[in-house]
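# Structural features, examined
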Amino acid sequence: LALIIDDGSTDGSLALCRKYAKTDERIKVISLDHVGISAARNYALDRISTQFVASLDGDDYFDKDYLKHLVEAQKKHGADLVISNVIYRWEDGSEWKRFPFRNEERFSREDFADILPALLDEERLNYLYGKLYKADFLRDVRVEPDVKQGSDTMINCRYVMKINSIAVIENYDYNYVRYNNVRSVVSYNGKDSFERLYRINSFVYDCMKQNGYLNSEMQRVIDGRFLISGMYALQGVGRSSVKEEEKRKTAEMIVKNPLYSEAYNRQKKEGNL
């Protein structure tokens, strides 16, 4: 079953999806009135009827054997989550194969304390694509509808805390399309964007702490996420067109944020800065 959630698109996507749905009864199209990414994903999760779930972003594509490789790996390793490699493709035809250094391997829950910091540091928990999930573990995993950024990470963290094994495979079957002129979700234009980045990182911190995975390596990785979020925000402040006084106040708000300053001081003390 291919479930397509159209969240109020205005570029003709809905008509195209409905056209394909008429040719294949396995394709189901649901049109929503632009409820937002988190609410749309919750809507999709509420309608899962398959044993496994794989996600495809609207502007990406995967090779013909992508799902086959994921399912074969799941059967081979008996894993509750299978993570595939990803190819980033730009408009000019260039590509970047992410994570070429990690070989196929299975990790049990006893390994999570070691592997979760690595997966988080590699940004593999930042997105839903390039993964095969067991539907049974997803049935009560939801994200607050007002979350505008980081819903993928929240779903992954909540999912991982429920499962017992993870398999990472070497296949490069998922193609993530990058557009040169489209504004990045991590670019910064105001206080709201900054606070959204910190919200998701605070969630990751609380999730790992509550589940007993906040070891020194996990702390380093999460601190790094806070610092990178602050860096993006400060860069955005410098590029913004607001008055200098407003730039100064916003920059000061960022660096004096307790989560940012504590992360900076802790990692500086550890010699990581």
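If you're wondering where the values come from, they're calculated on a predicted model, not measured in any experiment. Within each chain, residue numbers correspond to sequence positions counted from 1 in written order. Local features are withheld for residues below a pLDDT of 70 in this predicted model, meaning they are given only at 70 or higher, and side-chain atom pairs are given and counted only at 80 or more; totals for whole chains, interfaces and linings count all residues. Working from all heavy atoms in the structure, the side-chain values ignore hydrogens and water.

The next subject is the packing of helix H8 (residues 216–239) against helix H10 (residues 258–269). Interaxial angle, 0 to 180 degrees, is taken between N-to-C directions of lines fitted to C-alpha atoms, where a helix line uses only the stretch in contact. Working definition: helices are DSSP H or I runs of at least four residues, strands are E runs of at least two. Numbering for both runs from the N terminus. Axis separation between H8 and H10 bottoms out at 9 Å; the angle between their running directions is 125°. By the angle between their directions, the pair H8 and H10 is classed as oblique. Relative to H10, H8 is oriented so that their crossing is left-handed. Across the interface between the two elements, Gln219, Arg220, Asp223, Phe226, Leu227, Gly230 and Leu234 from H8 touch Leu259, Tyr260, Ala263, Tyr264, Arg266 and Gln267 from H10. In this classification, the charged set is Asp, Glu, Lys and Arg, the nonpolar set is Ala, Val, Leu, Ile, Met, Phe, Trp, Tyr, Cys and Pro, and all remaining amino acids, among them Gly, are polar. Here the residues of the contact of H8 with H10 are counted per class, giving seven nonpolar, three polar and three charged. Put simply, angles under 35 degrees are roughly parallel, angles over 145 are roughly antiparallel, angles from 65 to 115 are roughly perpendicular, and the rest are oblique. Rotating anticlockwise by less than a right angle from the far helix to the near helix defines a left-handed crossing, while the corresponding clockwise rotation defines a right-handed one. Throughout, a residue-residue contact means that at least one pair of heavy atoms, one from each residue, lies within 4.5 Å.

With that out of the way, let us pick up the confidence of the model for the protein chain. The predicted structure's coordinates, where accompanied by low pLDDT, should not be read in detail. Chain-level pLDDT for the protein chain is 89 on average; 95% of the residues reach the 70-or-more range. Along the chain, pLDDT gives the predictor's confidence residue by residue, from 0 to 100. Averaged pLDDT values for the elements of the protein chain fall to 86 in helix H7 (residues 191–210) and rise to 98 in strand S8 (residues 131–134). This model gives residues 182–188 a pLDDT under 50, and the stretch forms 15 contacts once residues within four places in sequence are excluded.

A word on the packing of H8 against helix H9 (residues 244–255). Packing of H8 against H9 brings their axes to within 10 Å, and their N-to-C directions diverge by 175°. Taken as axis vectors, H8 and H9 run roughly antiparallel relative to one another. Touching Gly230, Ala233, Leu234, Val237 and Gly238 of H8 are Lys247, Thr250, Ala251, Ile254 and Val255, all from H9. Here the residues of the contact of H8 with H9 are counted per class, giving six nonpolar, three polar and one charged.

Turning next to the environment of Met218. Mapped onto the elements of the fold, Met218 is located in helix H8. Think of it in three bands: residues with accessible area under 20% of the maximum for their type are buried, residues over 50% are exposed, and the middle band is partly exposed, with areas taken using a 1.4 Å probe on protein chains only. Classification of Met218 as buried rests on a relative accessible area of 0%. Separated by 13 residues in the primary sequence, Met218 and Tyr205 have C-alpha atoms spaced 8.7 Å apart. Contact partners of Met218, with chain neighbours within four places excluded, come to Leu116, Pro117, Leu120, Met208 and Tyr213.

Next up on the list: unusual backbone geometry. Phi angles above zero are rare outside glycine, and His34 is one such case at about 45°. Residue position: His34 is located in the loop between strand S2 (27–32) and helix H2 (37–45). Even without being glycine, Glu123 reaches a positive phi, approximately 70°. Here Glu123 is to be found in the loop between helix H4 (112–121) and S8.

Let us now look at the pairing of S2. Where strand S1 (residues 2–7) and S2 come together, six bridges link them in parallel fashion. Within S2, the residue paired with Ile5 across the bridge is Ile30. Two strands make a pair as long as DSSP finds a minimum of two bridges between them.

Patches in this entry comprise residues that are over 30% relatively accessible and not in a salt bridge; like charges within 9 Å are linked, as are nonpolar side chains (Val, Leu, Ile, Met, Phe, Trp, Tyr) within 5 Å. Residue exposure ignores everything except the shown protein chains as possible cover, and the areas themselves are Shrake-Rupley values with a 1.4 Å probe. We define a salt bridge as a contact between a side-chain nitrogen of Lys or Arg and a carboxyl oxygen of Asp or Glu at a distance within 4 Å. Together, Leu56, Phe62 and Leu67 make up a nonpolar patch on the protein surface, roughly 230 Å² of accessible area in all. With respect to the secondary-structure elements, Leu67 resides in helix H3 (residues 66–77).

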